[in-house]
Amino acid sequence: QVQLVESGGGLVQPGGSLRLSCTASGTIFSIRTMGWYRQSPGSQRELIAAMPSSGSPYYADSMKGRLTIARDNAKRTVDLQMNSLKPEDTAVYYCHAVIQISPSAVPAVYWGQGTQVTVSS
């Protein structure tokens, strides 16, 4: 019953910024890590940012310094602010979360449907 829905993708010029948002809904007991992956055609899906329920955020070296991840546990959202975007950042960006649906359930991985980010002039 868990669903992750992304928003905020679109077309942006090089050097521009976008803010991606992801909202988790459904039967949720707890959310462990929430984060963002991206994938371009012919490439592996790449983890670019993650925010655990407690601890420090993770940023991929390829985008470190250009990303800020923020999480709101009450709203069950995770946002990704992306700045100084480059054409090579063009990809489908996927929300990712590790979620327990009940106290007795083991945490499981859930994915959003993806949102397209295109960086082009």
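In this report, the structure presented in the accompanying data block is examined.

With that settled, consider the overall build of the protein chain. For the protein chain, the helix and strand inventory stands at zero helices and eleven strands. Its C-alpha radius of gyration of 14 Å places the protein chain within 12% of the 14 Å reference for a compact globule of 121 residues. C-alpha atoms of the protein chain, sized along the principal axes, occupy 50 × 25 × 25 Å. Put simply, the protein chain has 121 residues, and 41% of those count as buried. Contacts in the protein chain between residues at least 24 apart in sequence constitute 56% of all its contacts with a sequence separation of at least 6. Of the accessible surface of the protein chain, which amounts to about 6,300 Å², a share of 49% is contributed by carbon and sulfur atoms. Positive and negative charge centroids in the protein chain, built from 10 and 7 side chains respectively, lie 6 Å apart.

Looking now at the pattern of salt bridges. Under the defined criterion, the tally for this structure stands at four salt bridges. Aspartate 79 is the salt-bridge partner of arginine 19, the closest N and O atoms lying 2.6 Å from each other. With arginine 19 in strand 3 (residues 18-25) and aspartate 79 in strand 8 (residues 77-82), the pair connects residues that are 60 residues apart, well separated along the chain. Note that aspartate 89 and arginine 38 form a salt bridge whose closest N and O atoms lie 2.9 Å from each other. One end of the pair, aspartate 89, is in the loop between strand 8 and strand 9 (91-100); the other, arginine 38, is in strand 4 (residues 30-39), with 51 residues separating them in the sequence. Exposure remark for aspartate 89: the relative accessible area of 0% places this residue in the buried category. One continuous salt-bridge network, built from bridges that share partners, spans Arg38, Glu46, Arg66 and Asp89.

Basis of the calculations
Residues numbered from 1 in each chain as written. Predicted model: local features only at pLDDT ≥ 70, side-chain atom pairs only at ≥ 80, totals over all residues. Heavy atoms only, no water. Helix = DSSP H or I, 4+ residues; strand = E, 2+ residues; numbered from the N terminus. Rg over C-alpha atoms; globule rule 2.2 N^0.38 Å. Buried < 20%, exposed > 50% of the residue type's maximum accessible area, 1.4 Å probe, protein only. Contact = heavy atoms within 4.5 Å. Areas by Shrake-Rupley, 256 points an atom, 1.4 Å probe, with all protein chains shown as cover. Lys, Arg positive; Asp, Glu negative; His and termini not counted. Charge placed at Lys NZ, Arg CZ, Asp CG, Glu CD. Salt bridge = Lys/Arg side-chain N within 4 Å of Asp/Glu carboxyl O.

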